[in-house]
Amino acid sequence: MSPLSADDGVRDGRIRAARAGKWTYTPVSQDPAPEKGATLRHEELEVGLHYSSSIFEEFLVAVGRIQTEFHRRSQVNQEAAPLTAPAGERPGRTSRV
């Protein structure tokens, strides 16, 4: 699994629960009286993000955009790459190494 999939947890420009590697990010609840702040969780570990949740959300959105652009460019490069044999090799022959 990639650190953050392009659609993972992003809805209406806001981050919802999202996977970041082995960790799960849970933002502050949008309820009128949220019980907990944003957290990062992995197995039994939980880290409260009292002061950095908005910065971490921006980071997750940026990583998602980078991954989307990387996948888009990889797809374009794969489609554009000619299927030719490396220099010195002919199709149907094994290389001598």
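Look above for the structure.
Report on the accompanying structure.

1. Quick look at the overall build of the protein
- The helix and strand inventory of the protein stands at one helix and six strands.
- Beginning at the N terminus, the succession of helices and strands in the protein can be written as β-β-β-β-β-β-α.
- Counting across all 97 residues of the protein, residues that qualify as buried make up 20%.
- Once local pairs closer than 6 in sequence are excluded, the contacts in the protein between residues at least 24 apart make up 27%.
- About 8100 Å² of surface is accessible on the protein, with carbon and sulfur atoms providing 54% of the total.

Thresholds, definitions, all that
Residues numbered from 1 in each chain as written. Predicted model: local features only at pLDDT ≥ 70, side-chain atom pairs only at ≥ 80, totals over all residues. Heavy atoms only, no water. Helix = DSSP H or I, 4+ residues; strand = E, 2+ residues; numbered from the N terminus. Buried < 20%, exposed > 50% of the residue type's maximum accessible area, 1.4 Å probe, protein only. Contact = heavy atoms within 4.5 Å. Areas by Shrake-Rupley, 256 points an atom, 1.4 Å probe, with all protein chains shown as cover.

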